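Remarks on the overall topology
This is what each chain is made of:
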Amino acid sequence: VRPIFSVDEARLRARRRLPRMVFDFVDGAAEDEVTMQANRGAFASIALRPRRLVDVSERDQSTTVLGTPIAMPVLLAPTGLSRLVSRHGEPAVARAAGANGTVYTLSTMASASLEEVAAAATGPLWFQLYPWNDEQLVKALVRRAQDLGYGALVVAVDTPLVGKRERDARNGFTIPPRFGPRTAVDIIRHPRWLRDGLAARSIGFANLGAAANTSVVSAAKFVNENLVNPSADIRYLDELRRLWRGPLVVKGLMTGEDARRAVDAGADAVVVSNHGGRQLDGEPATVTVLSEVISAVGREAEVYIDGGIRRGTDVLKCIALGARACFVGRPYLYGLAAGGEQGVGEILRILHAEIDAGLALLGRPRLSDVGIDAVRLPA
Ligand SMILES: Cc1cc2nc3c(=O)[nH]c(=O)nc-3n(C[C@H](O)[C@H](O)[C@H](O)COP(=O)(O)O)c2cc1C
């Protein structure tokens, strides 16, 4: 097998390997996908300010997140239903994260259970929770995560309803994926994905109980009709703070004010995120609001970011602007589609190598040397 040499290369492989509807579920975003494109575009408009004639013979990109040591400043973001892209699914992602010294955040919407992933993992795990409407379910999830040793609870607050993902609607994408008038040809044209056992296996939300997996439905419609909790406000976060005994991370913030409210409610860290552009199209690129969030809470809480990170230099730009670490979502799913656990590992090794080279070429051998003077912002 030819080695993968970049995240974009893995994306092209995933596109060949997966039925269109599955690729689009991963690759797509809300409405006109303006926000998703903005996430990428903003990195292109931030330039680096290299320092020459510095000894960069020894470099170190290791850091800590909420006290947990990690080998690189890149964590794996929560993504639902990873078994769609490879039958190895979430356990394979957890193993690859552990092998490469970083954290994997399991999603509420995962296609493997908290227990299964905890048993497979070889490194630190965090659990992402949606503040869904079923109080018993939420309490049980928090308890399970606590008992299984998940190191932080990541509450995603950007989903009072699921964004309008038009590629999914156009493709007739359902959970589980089924042969239908719009999908049969697509599936048959990807025999490798079929052979992988995917069509046979019933893919569903492994942590949400039988009720969530009874019928073939559009995922967005199902979640909007059965799970979301549009009335959740800051009091919900207060309750979770009382319920969960470990570090609390609030994911999906895009303003300084909201970061302030989250930290006042007891968050130990926040994730600047627009959900990879999959929720409200029209939000700005995450990296353009990073400084605002750092100014609001950076002294008291760790600030992470995700959205459009595809290169080691994107990570270094975020670090320069004050982020503690970055998350990636689609990149590791492309890797998972292209090569299972090994593919996810490849993606992490590519990013590690790019960050390492970036530190050398920037003339800043340690992550802690990468400050605001390492970037030139657009005028
Ligand atoms: C296929 C897919 C599923 C996702 N599912 C979830 C989820 O269940 N919970 C969540 O908090 N975020 C979810 N996200 C958002 C990611 O956690 C992350 O914010 C986003 O992917 C970052 O952007 P990037 O893909 O450009 O790296 C999902 C993203 C993708 C691509």
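Shown above is the structure to which this text applies.
These figures come from a predicted structure and were not determined experimentally.

To continue, consider the packing of helix α2 (residues 20-27) against helix α15 (residues 330-362). As a packed pair, α2 and α15 sit with axes 10 Å apart at the nearest point and diverge in direction by 155 degrees. In terms of their interaxial angle, α2 and α15 are classed as roughly antiparallel. Residues Phe23, Val26 and Asp27 of α2 lie in contact with α15, whose contacting residues are Arg330, Leu333 and Tyr334. Across the contact of α2 with α15, the residue classes break down as 4 nonpolar, no polar and 2 charged.

By the secondary structure assignment, alanine 145 is in helix α6 (residues 135-147). Distance in space between the C-alpha atoms of alanine 145 and arginine 17 is 33 Å, their sequence separation being 128 residues. Alanine 145 has contacts with Leu114, Phe127, Tyr150 and Trp244, leaving out every residue within four places of it along the chain.

Positionally, arginine 49 belongs in the loop between β1 (47-48) and β2 (63-65). A relative accessible area of 33% means that arginine 49 is categorised as partly exposed. A C-alpha to C-alpha distance of 7.0 Å links arginine 49 and leucine 362, two positions 313 residues apart in sequence. What arginine 49 contacts, discounting residues up to four positions off in sequence, is Leu362, Arg364, Asp373, Ala374, Val375 and Arg376. In this structure the side chain of arginine 49 is engaged in a polar contact, spanning 2.8 Å, whose partner is the backbone oxygen of aspartate 373.

Cut-offs applied
- Residues numbered from 1 in each chain as written.
- Predicted model: local features only at pLDDT ≥ 70, side-chain atom pairs only at ≥ 80, totals over all residues.
- Heavy atoms only, no water.
- Axes fitted to C-alpha atoms, helices over the stretch in contact; angles between N-to-C directions.
- Helix = DSSP H or I, 4+ residues; strand = E, 2+ residues; numbered from the N terminus.
- Parallel < 35°, antiparallel > 145°, perpendicular 65-115°, else oblique.
- Contact = heavy atoms within 4.5 Å.
- Nonpolar A, V, L, I, M, F, W, Y, C, P; charged D, E, K, R; others polar.
- Buried < 20%, exposed > 50% of the residue type's maximum accessible area, 1.4 Å probe, protein only.
- Polar contact = N/O pair within 3.5 Å; in protein donor to acceptor, adjacent residues only side chain to side chain.

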